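A structural walkthrough
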Amino acid sequence: VPVDGSHWLSMREVLDIMRQRGHEVVVVAPEVSLHIKPSKNFVMKMYPVPFTQEEMEKEFKMFLQASLEEGSFLERFLKVYQHMKRLGYLAVSSCEYLLQNKELL
């Protein structure tokens, strides 16, 4: 069960090597993701989440924008913190929906 972002990008290389060595790889991922995409190197099982691709991309872009804005340290910290909370909520929500998916589990 990968986590989107740099964790997935690192894990992807490991999965490719496992497949080359003859292992069957199954990736369980949310339907909405920034980087986790189907591949011929693994079987992908997806589950629904309560947010759209557009909402996730918007939140991530707002986080990046807030990270690069000018202003006092405190202002920037508070903005980035608020956006990190929202991204964290999306991640937790995604995990909750996976755990509630009786068919997939």
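The structure contained in this document is the topic of the report that follows. Every residue gets a number counted from 1 within its own chain, in the order that chain's sequence is written. Only residues with pLDDT of 70 or above have their local features reported here, since the model is predicted, and side-chain atom pairs are shown and tallied only from 80 upward, although totals for entire chains, interfaces and linings are computed over all residues. Hydrogens are left out, water is left out, and the side-chain values use all remaining heavy atoms of the structure.

1. A closer look at the packing of helix H2 (residues 53-68) against helix H3 (residues 73-99)
Rule in force here: An axis is simply a line fitted to the C-alpha atoms; with a helix, the fit covers only the stretch in contact. Between two such axes, the angle follows the N-to-C directions and lies from 0 to 180 degrees. Strands here mean DSSP runs of E at least two residues long; helices mean DSSP runs of H or I at least four residues long; both are numbered from the N terminus. In these notes the angle categories are as follows: under 35 degrees is roughly parallel, over 145 is roughly antiparallel, 65 to 115 is roughly perpendicular, and the rest is oblique. In this scheme, a crossing is called left-handed if the near helix is turned counterclockwise away from the far one by less than a right angle; it is called right-handed if the turn is clockwise. A contact between two residues is defined here by any heavy atoms of the two lying within 4.5 Å. All residues other than Ala, Val, Leu, Ile, Met, Phe, Trp, Tyr, Cys, Pro, Asp, Glu, Lys and Arg, Gly among them, are scored as polar; the first ten of these are nonpolar and the last four charged.
H3 packs onto H2 with a crossing angle of 155° between their chain directions and a minimal axis gap of 9 Å. With respect to H3, the element H2 is oriented roughly antiparallel. Crossing of H2 against H3: the hand is left-handed. Facing Met56, Glu59, Phe60, Met62, Phe63, Ala66 and Ser67 of H2, the residues of H3 in contact are Lys79, Val80, His83, Met84, Arg86, Leu87 and Leu90. Grouping the constituent residues of the contact of H2 with H3 by class yields nine nonpolar, two polar and three charged.

2. Here we look at the environment of Glu31
What counts is decided by this rule: In this scheme, a residue with accessible area under 20% of its type's maximum is buried, one over 50% is exposed, and one in between is partly exposed, where area comes from a 1.4 Å probe on protein chains only.
Structurally, the position occupied by Glu31 is in the loop between strand S1 (26-30) and strand S2 (43-47). Residue classification places Glu31 among the partly exposed residues on the basis of a relative accessible area of 49%. Those residues in contact with Glu31, other than ones at most four positions away along the chain, are Met46, Tyr47, Pro48 and Gln53.

3. Remarks on helix H1 (residues 6-20)
In plain terms, the rule: Here, expected helix span is obtained from the residue count minus one, scaled by 1.5 Å.
Along its 15 residues, H1 runs 22 Å from first to last C-alpha, staying within 8% of the 21 Å computed at 1.5 Å per residue. Residues of H1 that are buried: Trp8, Leu15 and Asp16. Of the surrounding elements, those touching the buried residues of H1 are S1. Where H1 terminates, the next one or two residues include Gly22, which has phi positive at roughly 95°.

4. What about the pairing of S1?
To keep it simple, the criterion reads: For two strands to be treated as a pair, DSSP must find at least two bridges joining them.
Counting buried positions along S1 gives four out of five residues, so the element sits mostly inside the fold. Relative to S2, S1 runs parallel, the two sharing five bridges. Within S2, the position partnered with Val26 by the bridge is Val43.

5. Focus on the pattern of salt bridges
Stated formally: Here, a salt bridge means any Lys or Arg side-chain nitrogen found within 4 Å of an Asp or Glu carboxyl oxygen.
Here the structure, examined in full by the defined rule, presents three salt bridges. The residue Arg86 makes a salt bridge to Glu59 at a minimum N-O spacing of 3.3 Å. Here the residue Arg86 occupies a position in helix H3, and Glu59 occupies one in helix H2, the gap between them amounting to 27 residues.

6. Quick word on H3
With 27 residues, H3 should cover 39 Å at 1.5 Å per step; its first-to-last C-alpha distance of 38 Å lies within 8% of that length. Next to the buried residues of H3 lie S1, S2 and H2.

7. Quick notes on the side chain of Ser39
Threshold: In protein, a polar contact requires one atom able to donate a hydrogen and another able to accept it; more generally it is a pair of N or O atoms within 3.5 Å, and residues adjacent in sequence count only if both atoms are side-chain atoms.
Tracing the chain through its elements places Ser39 in the loop between S1 and S2. On the basis of relative accessibility, which here comes to 16%, the residue Ser39 falls in the buried class. Side chain to side chain, Ser39 and Arg12 meet in a polar contact 3.2 Å long. Polar contacts involving the side chain of Ser39 include one to the main-chain amide nitrogen of Asn41, which spans 3.0 Å.

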